[in-house]
Amino acid sequence: MTTILFELGCEELPPKSLKTLRDALQNSVTEQLSDADISFDTIKAFAAPRRLALQIHGIADKQPDRSEQKRGPAIKAAFDAEGNPTRAAIGFAKGLGIEASELMIINTDKGDYVGYEQMVHGKAVADLLPQIFQTALDNLPIAKRMRSGTSRNEFVRPVQWVVLMADDTVIDATIQGHQSGQQTRGHRFHSPDYHAINHANDYEALLEGLKVVADFDKRQAFINNQVQALADEINATAIVPQDLLDEVTALVDFPIALRADFEPRFLQVPQEALISTMQADQKYFCLTDKDGKLQPYFIFITNIASKDPKQIIEGNEKVVRPRLADAEFFFLQDQKQPLSALTENLKTRIFQDQLGSIWEKSARIAKLATFIATLLQEQGQQVNIDETARAAMLSKADLASSLVSEYPDLQGIAGTYYARLNGEPEAVAASLEEQYLPKFSGDALPKTPIGICLALADRLDTLVGIFAIGQPPTGSKDPFSLRRSAIGILRILIEKQLPINLIVLVEQAIKNYNDASGSKITNMGDTFTQVMNFLNSRYRAMYTEQGVSVDTIQAVQAINPHMPLDFDQRIRAVQAFRALSQASMLADSNKRVANILAKSESAVSESVDETLLTEPAEQALYSSVRHAQTAVQPLLAQANYTQALQTLASLDEPLTQFFDGVMVNSEDTALKNNRLALLKQVRALFLTVADISELQL
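Residues numbered from 1 in each chain as written. Predicted model: local features only at pLDDT ≥ 70, side-chain atom pairs only at ≥ 80, totals over all residues. Heavy atoms only, no water.

Quick look at the overall build of the chain
Move 1: In terms of helices and strands, the chain carries 26 helices and 22 strands.
Move 2: For 697 residues, the compact-globule formula gives about 26 Å, and the C-alpha radius of gyration of the chain, at 36 Å, lies well above that figure.
Move 3: Seen through its principal axes, the chain has C-alpha atoms that stretch 105 × 95 × 50 Å.
Move 4: Burial status across the chain gives 48% buried among its 697 residues.
Move 5: Look at the contacts in the chain between residues 6 or more apart in sequence, and 68% of them connect residues 24 or more apart.
Move 6: As displayed, the chain has an accessible area near 32800 Å², and 48% of this comes from carbon and sulfur atoms.
Move 7: Of the side-chain charges in the chain, 67 are positive and 87 negative, and the distance between the mean point of each set is 5 Å. (Helix = DSSP H or I, 4+ residues; strand = E, 2+ residues; numbered from the N terminus. Rg over C-alpha atoms; globule rule 2.2 N^0.38 Å. Buried < 20%, exposed > 50% of the residue type's maximum accessible area, 1.4 Å probe, protein only. Contact = heavy atoms within 4.5 Å. Areas by Shrake-Rupley, 256 points an atom, 1.4 Å probe, with all protein chains shown as cover. Lys, Arg positive; Asp, Glu negative; His and termini not counted. Charge placed at Lys NZ, Arg CZ, Asp CG, Glu CD.)

Spelled out as structure tokens, the structure:
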């Protein structure tokens, strides 16, 4: 079978996009080959700084022949009364290059038509591939394309050469304005000249001899192994974020890892600042000890096999030193005044035009955080109210610091360092970093009570304010990260086991916007409703990510619990209920009960007259309901919803017998109303946990 090799040689491709471009190219070609009914065994993609390539093994030489049916005009339009072909039939046949007498009749659901079945011979794959590859290149996810010189062809970088081969033969084609050939180029410095590829199967091995590891994943594994080995030599652990690893892999053809060091005096600077500048600016891998403390070393990846690596190491040490010195300068400069003094600068920094300054936001956070701290105290948690207020007023102070101005990702982190240097209580200092947790899906939550108070207060204040001024998230736009903030609120209240009602928190957050200086929220009722609806809508996103089925979420949302912890407990109970053998029958019975009650023309009584229970089945159901009410009451008081639903599962048999043996809509109005009242009690029992009728079992 044939091997196809396609290579597009360019100037250095964007490193942050290289992996995406590789995958998109492979996916597009694979899809087009499938659509064209071209069989192949495997396809392998290559991506290096100056090339994108595909190697297709075991590809067919041509498309298979196929039978194709052409349908023409309807019979009535194709033949006249004497059965002779009309001009419509003759024209259709002529278009196919046949006589009208060769037409056949095609029977369809919509009637009979004339038609013709012809054999379509498959095209040679070599003739189809140039357009397939060009289409794939045209469809790559490139934000901004460019032209090179006078060429009208556009690509992400100037194209230098194109290889297109079938085994040892060049497939004649013009792709991206370049004539295909069998000449590739090696490493820009070690092997810059053109080299002939004798066979498509030789591609990877040939390039490795030219100091190019074309396989992205293989090159990345080389980097990982070298970094690990250099870290092990000094008993350190390398920090290797995947995004940074991908970018470094995309920057080099022939990776060689080297270790360098920097002056230990820089370690007095917050290590997050040092790591940030070394990773973002220099693409270095930092090293820590077993406790996570930064060590005065770093590992970098060079693209040159130097005869004197020491010079390269010294060059990188020389380059990184000024960047670390800048971080040190900002850190020392900020310490010339206490953190509390920086809060004055927040009065001139705007949080949002209509919602005031960051200083005003800090004041609102202080009010709401102390309110939440009071709630925690009432629940028996140890939290200092005065320290909470202090932490809240300092929470945004580091936004005015030089360090955060230079390294925005250090907001909160810098505040914690400065608070400790200023002798603030540890609970206050730790909370300044924790207020921003969680930062992303699955991130850690704040650990300290004050950190929890700040994290909740900050997010709630932003939610309420942005909804109040009519700027909620729309589509994919969410500039204030309100969706992430809402899920953060829910996660904190649930995972920290805090039985706090969202209504109370949202109402207090709204109240804090209306102070003596004037009312910032005039539509308090609408704001409350919108914020509550938004928070409730986030349950679905949060739980579906955990693998919870949509109908389980809907079953709980139907009764609208306002306490996230309570909501979560009900979700877990319904999940357990779904596994019961009675679940399907009870879900159907609940649907039936709900439909019967909905059709009632008058209000249904809350109480059942036992003397009107004439049928054994309704008597048995009433007895089971009374027993369940007694058994479930203490379970609900303990929020033991799982056991409550398992108890209610005992109503399965009595309900089935009731519907089999009792006519609910009796002609006797008294009997009918009494039976409806009985069903209403059944319905009410299940609704104490969730609306089981929502389940699709």
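Quick word on the sheet that holds strand β17 (residues 285-288)
Move 1: In spatial order, the strands read β15-β17-β18-β16; together these four strands make up an open sheet with antiparallel pairing. Here the strands that pair on one side only, and so sit at the sheet edges, are β15 (237-238) and β16 (256-261).
Move 2: Sitting on the sheet, helix α8 (residues 271-280) touches β17 and β18 (294-302), and the angle it makes with β18 is about 5°. (Pairing = 2+ DSSP bridges. Axes fitted to C-alpha atoms, helices over the stretch in contact; angles between N-to-C directions.)

Concerning the nonpolar core
Move 1: Residues Met-278, Leu-403, Tyr-543 and Leu-645 are the most contacted members of the largest nonpolar core, which totals 137 residues.
Move 2: When residues of this core are assigned to their parent elements, the largest contribution, 13 residues, is made by helix α16 (residues 449-468).
Move 3: Those residues in contact with Met-278 that sit more than four places away from it in its chain are Phe-262, Lys-283, Tyr-284, Cys-286, Leu-294, Phe-298, Val-320 and Leu-324.
Move 4: One finds Val-29, Ile-43, Ala-45 and Val-156 within the second-largest nonpolar core, a separate group that totals 38 residues. (Core = buried A, V, L, I, M, F, W, Y, C linked by side-chain atoms within 4.5 Å.)

A few points about the packing of helix α1 (residues 18-35) against helix α4 (residues 125-138)
Move 1: Packing of α1 against α4 brings their axes to within 9 Å, and their N-to-C directions diverge by 140°. Considering the angle they form, α1 stands oblique to α4. When the axes of α1 and α4 are compared, the crossing they make is right-handed. The segment α1 lies against α4, with Leu-25, Ser-28, Val-29, Gln-32 and Leu-33 engaging Leu-129, Gln-131, Ile-132, Phe-133, Thr-135, Ala-136 and Leu-137. (Parallel < 35°, antiparallel > 145°, perpendicular 65-115°, else oblique. Left-handed = near helix turned anticlockwise from the far one by under 90°.)

A look at the layout of surface pockets
Any empty space left between the atoms is revealed when a probe the size of a water molecule rolls over them.
Move 1: Here the largest pocket defines a volume of roughly 800 Å³.
Move 2: At the level of secondary structure, the elements contributing two or more residues to the lining of the largest pocket comprise α11 (358-378), α16 and α17 (482-495).
Move 3: With three residues, α16 is the largest single contributor of residues to the lining of the largest pocket.
Move 4: Residue classes in the lining of the largest pocket are distributed as ten nonpolar, five polar and nine charged. (1 Å grid on protein atoms, 1.4 Å probe; cavity = no way out; pocket = protein on both sides within 12 Å on 5 of 7 lines; lining within 4 Å. Points joined across faces, edges and corners; volume = space filled by probe spheres on them. Nonpolar A, V, L, I, M, F, W, Y, C, P; charged D, E, K, R; others polar.)

Considering helix α22 (residues 583-598)
Move 1: With 16 residues, α22 extends 22 Å from end C-alpha to end C-alpha; this agrees with the ideal 22 Å at 1.5 Å per step.
Move 2: Of the positions making up α22, those classed as buried are Ala-583, Leu-586, Ala-587, Ser-589, Asn-590, Val-593 and Leu-597. Taken end-on, α22 shows its buried residues confined to a sector of 165°, consistent with a single buried face.
Move 3: Looking at the packing, one finds that the buried side of α22 touches α21 (564-578), α24 (641-648), α25 (652-661) and α26 (669-687). (Expected span 1.5 Å × (residues − 1). Arc of directions from axis to C-beta.)

Some thoughts on the sheet that holds strand β6 (residues 111-120)
Move 1: Ordered in space as β4-β6-β5, the three strands form an open sheet in which the pairing is antiparallel. Where the open sheet ends on each side, the last strands, each with one partner, are β4 (66-74) and β5 (104-108). Strand after strand, the sheet turns through a mean of 45° between neighbouring axes, direction not considered.
Move 2: Summarising the sheet, β4 and β6 pair through seven bridges and their orientation is antiparallel. Considered in β6, the bridge of Ala-74 is made with Tyr-113.
Move 3: Across the face of the sheet, helix α3 (residues 87-96) comes into contact with β4 and β6 while running at roughly 155° to β4.

Some remarks on the confidence of the model for the chain
In low-pLDDT segments, the atomic positions of the prediction should not be examined closely.
Move 1: Residues at a pLDDT of 70 or more form 99% of the chain, whose mean pLDDT is 93.
Move 2: Confidence, read as mean pLDDT per element, is least for strand β22 (residues 518-519) in the chain (58) and greatest for β17 (98). (pLDDT = per-residue confidence, 0-100.)

Some words on α24
Move 1: Of the residues making up α24, those classed as buried are Tyr-641, Ala-644, Leu-645, Thr-647 and Leu-648. Viewed end-on, α24 has its buried residues packed into an arc of 155°, placing them on one side of the element.
Move 2: In this structure, the buried side of α24 is in contact with α21, α22, α23 (616-637), α25 and α26.

Overview of the pattern of salt bridges
Move 1: Per the counting criterion, the structure on display carries 33 salt bridges.
Move 2: For Arg-491, the salt bridge goes to Glu-495, with nearest N and O atoms at 2.7 Å. Of this pair, Arg-491 and Glu-495 both sit in helix α17, four residues apart, which is roughly one turn of that helix.
Move 3: Classification of Arg-491 by relative accessible area gives buried; the value is 12%.
Move 4: Here Arg-683 makes a salt bridge to Asp-691, at a shortest N to O gap of 2.8 Å. This pair shows no difference in class: Arg-683 is buried, exactly as Asp-691 is. (Salt bridge = Lys/Arg side-chain N within 4 Å of Asp/Glu carboxyl O.)

Comments concerning unusual backbone geometry
Move 1: For the bond running from Leu-437 to Pro-438, omega is -5°, close enough to zero to count as cis.
Move 2: Position of Pro-438 among the secondary structure elements: in the loop between α15 (426-434) and α16.
Move 3: A positive phi is found at Asn-235, a non-glycine position, where the angle reads about 55°.
Move 4: Looking at the secondary structure, you find Asn-235 in the loop between α6 (216-233) and β15.

Considering the side chain of Thr-370
Move 1: With respect to the helices, strands and loops of the structure, Thr-370 is situated in helix α11.
Move 2: By relative accessible area, Thr-370 is classed as buried at 16%.
Move 3: Engagement of the side chain of Thr-370 in a polar contact is seen with the backbone oxygen of Ala-366, the distance being 2.9 Å.
Move 4: Discounting residues that sit within four places of it in the chain, Thr-370 has contacts with Ile-385, Thr-388 and Ala-389. (Polar contact = N/O pair within 3.5 Å; in protein donor to acceptor, adjacent residues only side chain to side chain.)

A closer look at the pairing of β5
Two faces, one strand: in a regular strand the side chains alternate between the faces of the sheet.
Move 1: The pairing of β5 with β6 spans five bridges and is antiparallel. By the bridge assignment, Met-104 is partnered in β6 with Gly-115.

Quick word on the packing of aromatic side chains
Move 1: On inspection of all chains with the given rule, the structure shows 14 aromatic pairs.
Move 2: With 4.3 Å between their ring centres and 10° between their planes, Phe-6 and Phe-133 make a pair best called stacked. One end of the pair, Phe-6, is in strand β1 (residues 2-10); the other, Phe-133, is in helix α4, with 127 residues separating them in the sequence. Both residues of the pair, Phe-6 and Phe-133, count as buried.
Move 3: We note Arg-185 situated over the ring of Tyr-194; from NZ or CZ to the ring centre the distance is 4.8 Å. (Phe/Tyr/Trp six-rings, centres within 6.5 Å; stacked < 30°, edge-to-face > 60°. Lys NZ or Arg CZ within 6 Å of the ring centre and 35° of its normal.)

A word on the packing of helix α12 (residues 385-394) against α16
Move 1: Following both chains from N to C, one finds α12 and α16 inclined at 50°, their axes separated by 10 Å at the closest point. On the basis of the axis angle, α12 is oblique to α16. The chirality of how α12 crosses α16 is right-handed. Taken together, the residues of α16 that come into contact with α12 (itself represented by Glu-387, Thr-388, Ala-391 and Ala-392) are Ile-450, Cys-453 and Leu-454.
Move 2: Its residues placed into classes, the contact of α12 with α16 shows five nonpolar, one polar and one charged.

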